[in-house]
Amino acid sequence: MEFRLEQKRQVVTEIPGPKSKAFQADREKYVSNSIGSSLPGYIEAADGAILRDVDGNQFIDFGSGIGVTTVGNSNPKVVKAVQDAAAAGTHLQINTAPYGSYIELCKRLTELTPGDFPKKAALFNTGAEALENAVKIARKYTGRQAIVVFEHAFHGRTNLTMAMTAKAAPYKIGFGPFAPEVYRMPLSYPFRDPEGMTGEEAAKRTITMIEKQIGAENVAAIILEPVVGEGGFIVPADGFMSSLVKFAKDNGIVYVSDEVQSGMARTGKWFASEWSGIEPDLITSAKGLGGGMPISAVIGRAEIMDAPQPGGIGGTYSGNPVSNASALATIEAYEEENLLDAALRIEEIFREMLEPVVAEVGIVGEIRGRGAMLAIEFVQDGSKEPNAAVVKQIVDDALAQGAMFLTCGTYGNVIRLLPPLVMTEELLRDGLQVLIDAIRKAAA
Ligand SMILES: *Cc1c(COP(=O)(O)O)cnc(C)c1O
């Protein structure tokens, strides 16, 4: 693959440098303090797995803009498709004057999602919007109201999705009242569940609580991330999701897999649900779908997708033609550049390099994840007590060396890796070595 920017980290000024500091000063005057940033440098160019700031520093991008530029930042196929689509029409509106790319993208998504049954799709702009619409569709289809979500869940920042999101700080504090009929149930979190608890046992705990506290006949949808994202990159135990899917099926409940972060090649499969052998009734997709352009989708069983009345679902910008073209080119790039395999290769190298560190230092509780959705959970030496302080120290240390890592987790004690799948092996190993050196230093 050809890149415009050399795929190499490079620190040439203090961070932030003088030009970034000037942006920061204006930001303090003109931008709401409620908008946060991880990186103190201001980016002027991004390519592949490199972010270059206005002072000429180059950072290895282990975040992909929160799992968005999975196909690589400014992937040439995506850039070309966006340019051509914009030149042909910047905005077309499906409810007024329809166009082909909307149909083509829905067709591709029904082909890529798991399940050999008739499927349909609808397009939106953001992850939260996809979740909002999945709830509307499930409620209309079932004629029921209750929505089951889980501990550690993240589903967005709109009013309904705030209610569905677990973590109070920073997502919910002071923003209530929240939408009613949203019920939070226990997750399967192998590192923190009782020793030896199986996925089936964890599911039974959840199902009993649904039956006792809500009543299965009142539940419209069960909504779960197959790899729980913001909550800590938690991989539920085998058997947890398949048991919930069976329970949903037996009780006329719509099972929704929120694959906004885990979907679209990220875990080495098109959708992470495939790792658990489940076929969700509905799947929500966003982040890695658009190659950087805002686009999201709900895809699922045709009879469920057809339940809402015409005009009941949609929006002014939903399925914008430039975003559709970008998504179609992104899908092509995943295929032609063998990026699902690249995700698996990233996991192999991560495990090869990190496993010895887990054995060596007391502050790493566990490494986990699937494909290129990987995490390290930090604890107080030798215990399971979350250690958020050490995470901040490690991430700051790596950043000073030119490698950017994001954090997550209900307890803020997890470093997560969401590298673009086009990251070269050399850059990946270099970035992981920076991380390992920072972990060793923090553990000493
Ligand atoms: C990011 C995310 C969302 C919300 O997406 P936005 O585009 O930020 O609204 C929903 N669900 C999951 C699993 C996410 O990771």
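Bear in mind that the values here come from a model prediction, so they are computed numbers and not experimental data.

1. Description of the overall build of the chain
Helices and strands together make up the secondary structure of the chain, namely 13 helices and 15 strands. Here the chain has a C-alpha radius of gyration of 22 Å; the compact-globule value for 444 residues is 22 Å, and the two agree. Seen through its principal axes, the chain has C-alpha atoms that stretch 60 × 60 × 45 Å. When each of the 444 residues of the chain is scored for burial, the buried share is 57%. Partitioning the intrachain contacts of the chain with sequence separation of at least 6 by distance along the chain shows that 74% fall at a separation of at least 24. Taken as a whole, the chain presents about 18300 Å² of accessible surface, with 52% of it coming from carbon and sulfur. If you average the places of the 42 positive and of the 55 negative side-chain charges in the chain, the two averages end up 4 Å apart.

2. Brief notes about the nonpolar core
The biggest cluster of nonpolar side chains holds 100 residues, and the ones touching the most others in it are Leu-354, Phe-378, Leu-432 and Ile-439. Looking at which element gives the most residues to this core, the answer is helix α11 (residues 339–360), with 10 residues. Each of domain 1 (18–74 + 338–443) and domain 2 (78–336) contributes no fewer than three residues to this core. Setting aside residues up to four positions removed in sequence, Leu-432 forms contacts with Phe-62, Ile-349, Phe-350, Met-353, Leu-354 and Leu-417. Grouped together as the second largest cluster of nonpolar side chains are 28 residues, Leu-187, Tyr-189, Ile-207 and Ala-216 included.

3. Some details on the sheet that holds strand β2 (residues 50–53)
The mixed open sheet is built from four strands, whose spatial order is β1-β2-β3-β13. Two strands bound the open sheet, and with one partner strand each, they are β1 (43–47) and β13 (403–404). Two strands pair when backbone bridges link them, and β2 and strand β3 (residues 58–61) are joined in this way by three bridges, in the antiparallel orientation. By the bridge assignment, Ile-50 is partnered in β3 with Ile-60.

4. Regarding the sheet that holds strand β10 (residues 296–301)
Taken in spatial order, the seven strands make up an open sheet running β4-β10-β9-β8-β7-β5-β6, and their pairing is mixed. Strand pairing shows two members of the sheet lacking a second neighbour, β4 (119–124) and β6 (182–185), which therefore form its edges. In this sheet, adjacent strand axes meet at a mean angle of 20 degrees when their direction is disregarded. Its contacts with the sheet put helix α4 (residues 100–112) on β4 and β10, and the angle it makes with β4 is roughly 125 degrees.

5. A word on the packing of helix α7 (residues 199–213) against helix α8 (residues 240–250)
Running from amino to carboxyl end, α7 crosses α8 at an angle of 35 degrees, the nearest separation of the two axes being 7 Å. Viewed along their axes, α7 and α8 form a crossing whose handedness is right-handed. Of the residues in α8, those in contact with Gly-199, Glu-200, Ala-202, Ala-203, Thr-206, Ile-207, Ile-210 and Glu-211 of α7 are Phe-240, Ser-243, Leu-244 and Phe-247.

6. A short note on the layout of surface pockets
Remark: the empty space left among the atoms is shown by a probe the size of a water molecule rolled over them. Computed from the structure, the second largest pocket encloses a volume of approximately 420 Å³. Tyr-102, Ala-121, Ala-122, Met-305 and Ile-313 are, among the 20 residues lining the second largest pocket, the residues nearest its centre. Counting residues per element, the lining of the second largest pocket draws most heavily on β4, at five residues. Here the residues of the lining of the second largest pocket sort into 12 nonpolar, six polar and two charged.

7. A word on unusual backbone geometry
Cis geometry marks the peptide bond from Ile-15 to Pro-16, where omega comes out at 0 degrees. Residue position: Pro-16 is located in the segment before α1 (18–30). Note the cis peptide between Ala-169 and Pro-170, where omega equals 5 degrees. Looking at the secondary structure, you find Pro-170 in the loop between α6 (159–164) and β6.

What counts, and where the lines are drawn
Per chain, residues are indexed from 1 in the order of the written sequence. Where local features are concerned, this predicted model is filtered to residues with pLDDT of at least 70; where side-chain atom pairs are given and counted, the filter is 80 or more; whole-chain, interface and lining totals use all residues. The side-chain figures draw on all heavy atoms in the structure; neither hydrogens nor water molecules are used. Helix and strand assignments come from DSSP, with helices taken as H or I runs of at least 4 residues and strands as E runs of at least 2, each series counted from the N terminus. Radius of gyration means the value over C-alpha atoms here, while the globule rule gives 2.2 Å times the residue count to the 0.38 power. Each residue gets one of three labels from its accessible area relative to the maximum for its type: buried under 20%, exposed over 50%, partly exposed in between, using a 1.4 Å probe on protein chains only. The contact rule is simple, with two residues in contact once any of their heavy atoms fall within 4.5 Å. A 1.4 Å probe and the Shrake-Rupley method give the accessible areas. Residues count as covered only by the protein chains that appear here. Charged residues are defined here as Lys and Arg on the positive side and Asp and Glu on the negative side; His and the ends of the chain fall outside this count. In this description, the location of a charge corresponds to atom NZ of lysine, CZ of arginine, CG of aspartate or CD of glutamate. Residues belong to one nonpolar core when they are buried, are Ala, Val, Leu, Ile, Met, Phe, Trp, Tyr or Cys, and are joined through side-chain atoms within 4.5 Å. In this entry, domain limits derive from an automatic or database-based domain assignment. One bridge is not enough; two strands pair if DSSP finds at least two bridges between them. Every axis in this analysis is a line fitted to C-alpha atoms, fitted for helices over the stretch in contact. Angles between the N-to-C directions lie between 0 and 180 degrees. Helix crossings are classified by the rotation of the near helix relative to the far one: an anticlockwise turn of less than a right angle makes the crossing left-handed, while a clockwise turn makes it right-handed. As defined here, a cavity is a set of points on a 1 Å grid over the protein atoms alone where a 1.4 Å probe fits but cannot get out. A pocket is an open set with protein on both sides within 12 Å along at least five of seven lines, and residues line them when an atom is within 4 Å of a point. Grid points are joined across faces, edges and corners, and a volume is the space filled by probe spheres set on the points. Here the nonpolar group is Ala, Val, Leu, Ile, Met, Phe, Trp, Tyr, Cys and Pro; Asp, Glu, Lys and Arg are the charged ones; every other residue, Gly included, is treated as polar.

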